[in-house]
Amino acid sequence: MAFLELVSKRQSVRDYLEKPVEREKIERCLEAARLAPSACNSQPWKFIVVDDPNLKEAVARETFSSVISFNRFTLKAPAIIIIVSENRKLLPQIGGAIKDKPYHLIDVGIAAEHICLQAVEEGLGTCMVGWFNESPLKKLLGIPERKRIELLITIGYPSAEAIRKKNRIELPGIYSYNKYE
Ligand SMILES: Cc1cc2nc3c(=O)[nH]c(=O)nc-3n(C[C@H](O)[C@H](O)[C@H](O)COP(=O)(O)O)c2cc1C
């Protein structure tokens, strides 16, 4: 697929078929994440694929409540990828502190998008989920309390084929040449 076509086809999918996702497809998405760039090549990530139905439901239930329910759709996703950040190299951590830049979050974001784009190639849909209860999730998944879960990604076969029109600021509104405008 041409790259811009791939990017255009990636959209947040919040309704899934009940069909399980083949692990080899998920592993190709993770391979795309593995190849992502990162500050000082620190690769500050670990991915936990939750595809056990009972565990997956427990994970999904930590992304919404009766009051804030917009993530209830996660219950329908056959699998959820949890991204944990890892302090693999000191240099980007020191650099990040000096420059007040959370490089590891930038890195994780790039890897997450690689996952979502490869998922499109696989005929799968994804949705990044940044709203979740971190501590209970760590307990559920055996993640040490000192670690951070940065993002979740739901993944599965979309229930609908249609690609929505993207709701985005038009191009002239987001760039300029040679100075800030
Ligand atoms: C860091 C991040 C966190 C997000 N968290 C959520 C979330 O908790 N729940 C949700 O439904 N969508 C979430 N999204 C999806 C965005 O709402 C979505 O990407 C945006 O509205 C653009 O729509 P599109 O992905 O369909 O192009 C998140 C996206 C990003 C990048």
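The shown structure was predicted, so the numbers you read here are calculated from the model rather than taken from an experiment. (Residues numbered from 1 in each chain as written. Predicted model: local features only at pLDDT ≥ 70, side-chain atom pairs only at ≥ 80, totals over all residues. Heavy atoms only, no water.)

## Examining the UniProt feature "domain: Nitroreductase" (unreviewed entry) in the chain
Argument step 1. The residues that UniProt annotates with the feature "domain: Nitroreductase" (unreviewed entry) are residues 8-157.
Argument step 2. Secondary structure within residues 8-157 divides into 39% helix and 18% strand; the distance between the first and last C-alpha atoms comes to 17 Å. (UniProt positions renumbered as here; feature names shortened; annotations may be inferred. Helix = DSSP H or I, 4+ residues; strand = E, 2+ residues; numbered from the N terminus.)

## Looking at the packing of aromatic side chains
Argument step 1. Counting across every chain of the model gives three aromatic pairs.
Argument step 2. Aromatic pair Trp45 and Phe47: ring centres 6.4 Å apart, planes at 35 degrees, arrangement tilted.
Argument step 3. Ring geometry for Tyr175 and Tyr177: centres 5.7 Å apart, planes at 85 degrees, overall edge-to-face.
Argument step 4. Residue classification places Tyr175 among the partly exposed positions, given a relative accessible area of 44%.
Argument step 5. The ring of Phe73 has Arg14 sitting right over it, with the charged end atom 5.9 Å from the ring centre.
Argument step 6. Here Lys19 stacks its cationic end above the ring of Tyr157, 4.1 Å away from the centre of that ring. (Phe/Tyr/Trp six-rings, centres within 6.5 Å; stacked < 30°, edge-to-face > 60°. Buried < 20%, exposed > 50% of the residue type's maximum accessible area, 1.4 Å probe, protein only. Lys NZ or Arg CZ within 6 Å of the ring centre and 35° of its normal.)

## Digging into the layout of surface pockets
Argument step 1. Approximately 280 Å³ is the volume found for the largest pocket.
Argument step 2. As for the largest pocket, its lining consists of 15 residues, and the residues nearest its centre are Gly123, Leu124, Pro158, Glu161 and Ile163.
Argument step 3. For the lining of the largest pocket, the secondary-structure elements that each account for two or more residues are helix H5 (103-121) and strand S3 (125-129).
Argument step 4. Partitioning the lining of the largest pocket into residue classes produces eight nonpolar, four polar and three charged.
Argument step 5. There is about 220 Å³ of room inside the second largest pocket.
Argument step 6. Along its surface, the second largest pocket is lined by 14 residues, and Glu18, Asp51, Pro53, Ala77 and Pro78 are the ones closest to its centre.
Argument step 7. Tallying contributions element by element places helix H3 (residues 53-60) first for the lining of the second largest pocket, with three residues.
Argument step 8. When its residues are assigned to classes, the lining of the second largest pocket shows eight nonpolar, no polar and six charged. (1 Å grid on protein atoms, 1.4 Å probe; cavity = no way out; pocket = protein on both sides within 12 Å on 5 of 7 lines; lining within 4 Å. Points joined across faces, edges and corners; volume = space filled by probe spheres on them. Nonpolar A, V, L, I, M, F, W, Y, C, P; charged D, E, K, R; others polar.)

## A word on the nonpolar core
Argument step 1. Grouped together as the largest cluster of nonpolar side chains are 21 residues, with contacts concentrated most on Ile26, Ile81, Ile83, Ile115, Leu124, Ile153 and Ile155.
Argument step 2. Broken down by secondary-structure element, the contributors of at least two residues to this core are helix H2 (23-34), strand S2 (79-85), H5 and strand S4 (148-156).
Argument step 3. The element that contributes the greatest number of residues to this core is H5, accounting for six residues. (Core = buried A, V, L, I, M, F, W, Y, C linked by side-chain atoms within 4.5 Å.)

## As for the site of the ligand
Argument step 1. As a structural note, the neighbourhood of the ligand is formed by 16 residues, with Arg10, Ser12, Arg14, Asn71 and Arg168 the closest of them.
Argument step 2. Arg10 has a polar side-chain atom sitting 2.9 Å from an oxygen atom of the ligand.
Argument step 3. Here Asn71 contributes a side-chain N or O atom positioned 2.7 Å from a nitrogen atom of the ligand.
Argument step 4. Sorting elements by how many residues they give to the shell around the ligand places S3 first, with three residues.
Argument step 5. Per-class residue counts for the shell around the ligand are seven nonpolar, four polar and five charged. (Near = heavy atom within 4 Å. Polar contact = N/O pair within 3.5 Å; in protein donor to acceptor, adjacent residues only side chain to side chain.)

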